[in-house]
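Results of the structural survey
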Amino acid sequence: MGTYRVLALGFIFLFQAFTLGSCKAEETCQPRISSKLFTFNVDRAHLEKGRRLGRVLYDDCGGQHRFLFTSKDSRFKVDSDGTVLIKRPFILHEGRKIFSVHAWDSNGRKFIVRIRVQLKPQTSHVENVPTEQFEGSESVPGLEFLSSTGLKRRKRDWVIPPITILEGEMGPFPKAVVKVRSSEDKEVKMQYWITGPGADEPPKDIFTMDRNSGSLFVTQPLDREQCSSYTLMVHAAALGDSKAADPTEIKIIVSDQNDNKPVFTQDAFMGNVSEAVGAGYEILSVTATDADDPETYNADLRYSILSQDPPLPVPDMFAIDPTSGQIRLNNAQLDKKKYPQYTLTVKVADMTGEGYPAACKAIITVTE
């Protein structure tokens, strides 16, 4: 009986220990986003409005499925369920776009993730390497290139894709751009350096490279209107070896920001129209320019008429083509004696009419 009691007590002790151990092993759920970087592939560079790219997945441990998201790039929006959509059409010029999304949970906690939109990868001789973290900077991509320093001979038929830097990006500087490494650095210690305009040629020292790590840095904000791209040559050589491998070309594309306002080519445009013509008659054109990249929405201009003086006999006597700036007669009620001249205030704005505005006058004289 005593033995049975001891065994029974032992069983209870073990059961309690197992139960307590199981409870102790349970981890408290921590609110989190499933990744700090989401990559969404697209099959073409022209991205249309309303296109769904993917979802940002978030778990707040409370079973909620909808949260507040804010995109830091106005061309994208994120629904409350984390779905990332194209807000307005644009072109993926450099093959990828990276932007940040801020998220808030039900308790007001803020999380930041990065979204990468890129064309589906094509067959390439560039080998992917893990992303490296630089001190004091965000994660930057790593690139491995094939090199031949005498250890091995390999055909040089590969191309490193362009690297994109947004113009006007703030520091602190130097700011990491990319990390490159030779395919031979596992066998021998390598050293790296760059040459070309922007490095050792005017404008000098815009880019620098750490000789030991192959980390490429930009040292100051870039201005696309001053220089839209840089072509650098990356050199690699075994430490202590005077013979370097064939250099590798890296192209830096300066991505455009909407930092220029449109400007009319004249303060006032003059035109004449006979009172005998009918509606649709083309009178004159107004023109404006924008120093931003003409292949982006930053320089995509739209024209409109803000006012007509006098507003008689009707306030819409004239109309304007929003894309060309061509002004035409919209109403065939011209009367030279009563209204010999009209002054139109014309507006132009970039970002398809939603960006920076500018205004000019169009003076139209009515003739017989």
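Residues numbered from 1 in each chain as written. Predicted model: local features only at pLDDT ≥ 70, side-chain atom pairs only at ≥ 80, totals over all residues. Heavy atoms only, no water.

The nonpolar side chains of soluble globular proteins are, as a tendency, buried together. Formed by 27 residues in total, the largest nonpolar core has its most connected members in F264, V286, F318, I327 and V346. Mapped by element, the contributors of at least two residues to this core are strand 22 (268-274), strand 23 (282-285), strand 26 (318-320), strand 27 (326-329), strand 28 (341-349) and strand 29 (357-367). Contacts of F264, omitting those with residues within four sequence positions, involve F269, V286, T287, A288, Y303, V346, K347, V348, A358, A359 and C360. Core analysis: the second largest hydrophobic core is formed by 23 residues, I165, V180, L216 and V234 among them. (Core = buried A, V, L, I, M, F, W, Y, C linked by side-chain atoms within 4.5 Å. Buried < 20%, exposed > 50% of the residue type's maximum accessible area, 1.4 Å probe, protein only. Helix = DSSP H or I, 4+ residues; strand = E, 2+ residues; numbered from the N terminus. Contact = heavy atoms within 4.5 Å.)

This part is about the packing of aromatic side chains. Centre-to-centre distance and the angle between the planes together describe a pair of aromatic rings. Following the criterion strictly, the structure yields seven aromatic pairs and no others. Their ring planes at 70° and their centres at 6.2 Å tell us that F264 and F269 sit as a pair that is edge-to-face. Of the two residues, F264 and F269, both sit in the buried class. Members of the aromatic cluster, connected to one another through ring pairs, are F264, F269 and Y303. (Phe/Tyr/Trp six-rings, centres within 6.5 Å; stacked < 30°, edge-to-face > 60°.)

Once that is clear, we can look at the side chain of S274. Counting through the fold element by element, S274 comes out in strand 22. Among the polar contacts made by the side chain of S274, one reaches the main-chain carbonyl oxygen of E368 at a distance of 3.2 Å. (Polar contact = N/O pair within 3.5 Å; in protein donor to acceptor, adjacent residues only side chain to side chain.)

What follows covers unusual backbone geometry. Across the junction of D309 and P310, the peptide omega takes the value 0°, indicating a cis bond. Relative to the assigned elements, P310 resides in the loop between strand 25 (302-309) and strand 26. The omega angle of the peptide bond from L312 to P313 is -5°, so this bond is cis rather than trans. Among the secondary structure elements, P313 is positioned in the loop between strand 25 and strand 26. In this structure, D205 takes a positive phi of about 65° despite not being glycine. Looking at the secondary structure, you find D205 in the loop between strand 16 (190-195) and strand 17 (207-209).

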